[in-house]
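Residue-level structural notes
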Amino acid sequence: MSLKEKMVSSFLAFELDTNINSPVHDIRSESIKDFEKIGFPGKKNEYWKYTPINKVLNDKLTVFKKKRHLIEFEKVKDFFVNGIESYKIVFIDGAYDPLWSNTTHKGVDICILSAILENKKYEGLINKYYNTITDKNESFSLLNSSFSKEGAFVHIPKNMELDKPIEIIHINSGGESSLMLQPRSLIILEKNSKAQILESHYSLVGENNKSPYSYPGFIDPLTNTLTEIHVEENANLDYYKIQNDLETTSLIDNTYINQKRDSEVSCHTFSFGGNIVRNNLNFYQNGENINSIMKGITILGGNQHTDHHTLVHHANPNCESYQEYKGIYNDNSTGVFNGRVLVDKIAQKINAFQQNNNLLVGEKSSVNTKPQLEIFADDVKCSHGCTIGQLDDSALFYLKTRGISEKEAKGLLTYAFANNVLENVKMQALKTKIKKIIANKIGVNLGFEL
Amino acid sequence: MLEIKDLHVSIDGKEILKGLSLNVKPGEIHAIMGPNGSGKSTLSSVIAGNEDYEVTKGSIFYKNENIEDLSAEERANRGIFMSFQYPVEIPGITVTNFIKTAINSNLKARGEKEMAANEMLKKIRDKANMLEIDSKFLSRSLNEGFSGGEKKRNEIFQMAMLEPSLAILDETDSGLDIDALRIVANGVNKIKSSSNAIVIITHYQRLLDHIIPDYVHVLQDGKIAKSGNKELALELEEKGYDWI
Ligand SMILES: Nc1ncnc2c1ncn2[C@@H]1O[C@H](COP(=O)(O)OP(=O)(O)OP(=O)(O)O)[C@@H](O)[C@H]1O
Ligand SMILES: [Mg+2]
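So, a few notes on the structure that sits alongside this text.

How each quantity is defined
- Residues numbered from 1 in each chain as written.
- Chains lettered and ligands numbered in written order.
- Predicted model: local features only at pLDDT ≥ 70, side-chain atom pairs only at ≥ 80, totals over all residues.
- Heavy atoms only, no water.
- Near = heavy atom within 4 Å.
- Polar contact = N/O pair within 3.5 Å; in protein donor to acceptor, adjacent residues only side chain to side chain.
- Areas by Shrake-Rupley, 256 points an atom, 1.4 Å probe, with all protein chains shown as cover.
- Helix = DSSP H or I, 4+ residues; strand = E, 2+ residues; numbered from the N terminus.
- 1 Å grid on protein atoms, 1.4 Å probe; cavity = no way out; pocket = protein on both sides within 12 Å on 5 of 7 lines; lining within 4 Å.
- Points joined across faces, edges and corners; volume = space filled by probe spheres on them.
- Nonpolar A, V, L, I, M, F, W, Y, C, P; charged D, E, K, R; others polar.
- Domains from an automatic or database assignment.
- Contact = heavy atoms within 4.5 Å.
- Salt bridge = Lys/Arg side-chain N within 4 Å of Asp/Glu carboxyl O.
- Axes fitted to C-alpha atoms, helices over the stretch in contact; angles between N-to-C directions.
- Parallel < 35°, antiparallel > 145°, perpendicular 65-115°, else oblique.
- Left-handed = near helix turned anticlockwise from the far one by under 90°.

Let us now look at the site of ligand 1. Residues and elements named next belong to chain B. In the neighbourhood of ligand 1, 16 residues make up the surrounding shell, with Gly37, Lys40, Ser41, Thr42 and His203 lying closest. Between ligand 1 and Ser41 there is a distance of 2.8 Å, counted from an oxygen atom to a backbone nitrogen or oxygen. Contact distances for ligand 1 include 3.3 Å between an oxygen atom and a side-chain N or O atom of Glu171. Contact with the protein chains covers 66% of the free accessible surface of ligand 1, which is 640 Å². Breaking the shell around ligand 1 down by element, the ones donating at least two residues are strand S2 (14–24) and helix H1 (40–48).

For the rest of this paragraph, the subject is the layout of surface pockets. All names here are of chain A. Taken as a whole, the largest pocket spans an internal volume of roughly 830 Å³. For the largest pocket, the lining is made up of 28 residues, of which Tyr202, Asn244, Ile437, Asn440 and Lys441 are closest to its centre. Residue assignment for the lining of the largest pocket shows that the elements contributing at least two residues are strand S8 (194–203), strand S14 (291–300) and helix H9 (428–442). Sort the elements by how many residues they give to the lining of the largest pocket and H9 lands first, with seven residues. Partitioning the lining of the largest pocket into residue classes produces 12 nonpolar, nine polar and seven charged. Two domains share the lining of the largest pocket, each providing at least three of its residues, namely domain 1 (3–286) and domain 2 (393–450).

We now examine the interface of chain A and chain B. Contact with chain A, which involves 21 residues of that partner, is made by 33 residues of chain B. On the surface where chain A and chain B come into contact, there are two salt bridges. For the pair chain A and chain B, the interface holds 10 residue pairs in polar contact (both at pLDDT 80 or more). Each residue belonging to the side of chain A that touches chain B can be placed in one class, and the counts come to nine nonpolar, six polar and six charged.

Residues and elements named next belong to chain A. Contact geometry of helix H7 (residues 393–400) with helix H8 (residues 406–419) gives a least axis separation of 9 Å together with a crossing angle of 125°. Considering their axes alone, H7 and H8 lie oblique with respect to each other. Handedness of the H7/H8 crossing: right-handed. Each of Ala395, Leu396, Leu399 and Lys400 in H7 lies in contact with H8, whose residues at this interface are Glu406, Ala409, Lys410, Leu412 and Leu413. Of the residues contributing to the contact of H7 with H8, the split by class is six nonpolar, no polar and three charged.

Structural data, given as structure tokens:
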């Protein structure tokens, strides 16, 4: 049986264990039908051209988890941002972990999706927002919608500035072979509200950088996550993603963001590892005076691969979008950046900026970068640029003449290359954490405070 | 301090220095002048350890050690400093963080312990004051968007921080306005001592009014064509290079 057939037939078993009276169950049934029609992306699929996703679509993958894995706090404490108070929603192998979570329903909902889907009180919200902006022609979004059951739910009411950041943490225990996880999150910011959210994906590390329970023939988890974000008028969201998985685990991350008038959303994606990581980050601007910001730092090594597919749909006039992605590729690692900017005919006075800079450190590393501008309005400012290169020899020499060793000079220049993407990270503790991860990845011991 | 004997240097198969000799003792200031393209920057790059250049013949001794096989960073660790004719812009590293890293790298290489943060801060403040550098300037990215003069002043700031035994200043005066020239020259004079040495590469006499050289050399066609005292610089200013 192919993986596609297996997924489709799994749905029946999934239904047995699921409340089919839930308001979203029709969506699930529709989605699996649609998925059955289109299946997984084929080899000729342009959208997947440079990312060999089939490599990780193993026939043995299953959406059913056999057991629960307990993890000691010691092993995961670094997955949290240290030194800050935060709301926390923690999942281990896709299942909610109440022990390390810190959720709330007091004036604001920061909790798990499963609880909401079963609760009549939230039916209105679900009907209004759930699965309204996902791409109904995208295989992995459909698959996620079919099996969606658990994930984060955040609802920030009107005029509220959330008092502390939210951490949504997905941990792979690696305790079970062949798992395909389908986390599903729904985030709603009502009018004039403001929030900061960090979503991170980590795996437990055992010996040789493998899953701690790995054995010959072990198939590492594939996470197919989908996050839907609705940002109402004049609301402001800072969203951060940390993808710091094992070299063997893979992640498909579909994020859909719908923005209303006068809102601002910035999304930083820090991709520091994974076997294959695919980001589909989609922004829809539904109103005037909207600002959408996408920034990313990718640092890979070994045989890792990361793909950033971004889309900004400028459907209204007087809006802005800003994209800045930097990639550092060591060893044999590979990357993709595909930035699609779609400007409708009525969307005049748009300012869309896009920049992708890459540093190929490894001799066998490579990157494919492509701006994809589809502009139907005539009074717009769209700029894009990309670079692919090595460290500048004259800069390296300059540093060395000041007594800095070759290794450290390279590290420093690499760090400097990525550094400015962090400028707009408002959460200081997070910035420090990211800088540490970067310094660590690059292997440089920075001689100054971060 | 520095003993260069019959130095021949090529780049991409083209010979640029053709038998240059130079002897600099501790406490001395040497000025090197010479027409464009005569090899002045080549000489400073080679002393600093730029591996793009090939030394085909001759030797460079620094503190009685042949430095041929030393990398640029090892030379810097031993106290050689070059102020670049064209300082490189490095976005993403602030001047402060850069100089901290440089100082601690040198200390570490010499087997000494890192400088305490408050000591570092004080030193940075003192040297910046000496060169009349605004503190805002120190938190900007290294040389990025600096004016020509600002870059040169920043080079001398680094020199003041690193306290080298041998400093080679490649056209540090070009790009400086009259006030800046005086400030930078005063700075250099303060750094100067009987135990260090300075080689100044310049096209103009005016810097030598502020920093008085013990010797003036003319580098022409890859060799020292003439040496003299500070009067030679005045003569060159007047007559050009043709008469040599
Ligand atoms: N990478 C290179 N390839 C070929 N020729 C080079 C290279 N670098 C320098 N040269 C040549 O070497 C010669 C000496 O250059 P250098 O920069 O040392 O001159 P300079 O005396 O410092 O001149 P200026 O007074 O203009 O600064 C020049 O003719 C220059 O074109
Ligand atoms: Mg020169």
